[in-house]
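Chain and residue survey
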Amino acid sequence: MMMPMAPIVQEPRPSEVINLGGGVVPTGVSDVHLGLTPEGGEPILTGLGPLKSHNKLLIKQKLQTCEILTGCEQENRFTVTGAEGEILYWAKENSGCCDRFACGNIRSFDMSITDQTTNEVMRLFRPLTCQGCCCSALYPHCTQAMTVSVAGETVGTVRERATWWNPVYHVFDSVGNQVLKIRGPSCHFSLCDDVNFQVVDTDGVEVALIAKKWMGCFKETLTDADNFVIDFNEGLLLETKVLILSATFLIDMMYFEMNN
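Residues numbered from 1 in each chain as written. Predicted model: local features only at pLDDT ≥ 70, side-chain atom pairs only at ≥ 80, totals over all residues. Heavy atoms only, no water.

**Describing the packing of aromatic side chains**
One pass over the full model with this rule turns up three aromatic pairs. When the ring of Tyr169 is compared with that of Tyr255, the centres are 6.4 Å apart and the planes differ by 85 degrees; the resulting orientation is edge-to-face. Here the residue Tyr169 occupies a position in strand E10 (residues 168-173), and Tyr255 occupies one in helix H6 (residues 238-255), the gap between them amounting to 86 residues. Tyr169 gets classed as buried once you look at its relative accessible area, which sits at 1%. With a centroid separation of 6.4 Å and 35 degrees between ring planes, the pair formed by Phe197 and Tyr255 is classed as tilted. Linking Phe197 in strand E12 (residues 195-201) with Tyr255 in helix H6, this pair joins segments that are 58 residues apart in sequence. (Phe/Tyr/Trp six-rings, centres within 6.5 Å; stacked < 30°, edge-to-face > 60°. Helix = DSSP H or I, 4+ residues; strand = E, 2+ residues; numbered from the N terminus. Buried < 20%, exposed > 50% of the residue type's maximum accessible area, 1.4 Å probe, protein only.)

**What about H6?**
Taking 1.5 Å of rise per residue, the 18 residues of H6 would be expected to cover 26 Å, and the 26 Å separating its terminal C-alpha atoms lies within 8% of that figure. Across the 18 residues that make up H6, a large majority, 17, are buried. (Expected span 1.5 Å × (residues − 1).)

**With respect to unusual backbone geometry**
Look at Thr118: it is not a glycine, yet its phi comes out positive at around 65 degrees. If you trace the backbone, Thr118 turns up in the loop between strand E6 (109-114) and strand E7 (120-126). Take Thr118: its relative accessible area is 61%, and that puts it in the exposed class. One non-glycine residue, Ala151, lies in positive phi territory at about 55 degrees. Relative to the helices and strands, Ala151 is located in the loop between strand E8 (145-150) and strand E9 (153-161).

**Some thoughts on the environment of Met254**
Locating Met254 in the fold gives a position in helix H6. Residue class for Met254 comes out buried when judged on its relative accessible area of 5%. A sequence separation of 110 residues divides Met254 from Gln144, and the C-alpha atoms of the two residues are 8.5 Å apart.

Purely geometric numbers; function is a separate question.
Written as structure tokens, this is what we have:
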């Protein structure tokens, strides 16, 4: 029988401090870069600028015809837009064909998130790890995790927490201190309704909400393309937004990605 575990307040493997809050970002990735649209129109924010200036993000997975027709899992692609539908980022999974076929949603992958100038803003890495209650009992060695990097520097880690029922994730900063907790519902499928994951800080105050949107019976049944909406509270640090956005992709892979 699994023994009760004490609260985790520190990630087992700390790394170098990277502070994205208060306008300080790693060298090479600015949060206030301005670029021109392809048509030469109004200036646009690049780098982490759009993430800093938006408190609502829509993540839309692209439908891939080959995957629908053949059932063969393809590398996932997403667009990240603002509340008005303006494209802020593109996200693309990089994984091996054999990994997708043999390992399904526990596969190893890295994901590149680029801005409107196609420059990489963030990189996410998720190693291959077994998934299940037995593996979760060996926390933190056999639980799902994702490392988040900006400009080649680690800014934090999202790690699954072993629980009996509800999915729980602990989010750690670059030095291994827990900064957030994400808790989902016991049922990951809700007919004709959204599935919500609550994001709270170390004091238990809700700072954001991640919602997997219901897309209708046809899309939910025949595809694994998912849409998410993230609502941030006002005044969140930039590094906190980066970690919450990254956690959404791990949640999608673990709970909403079909195993063909």
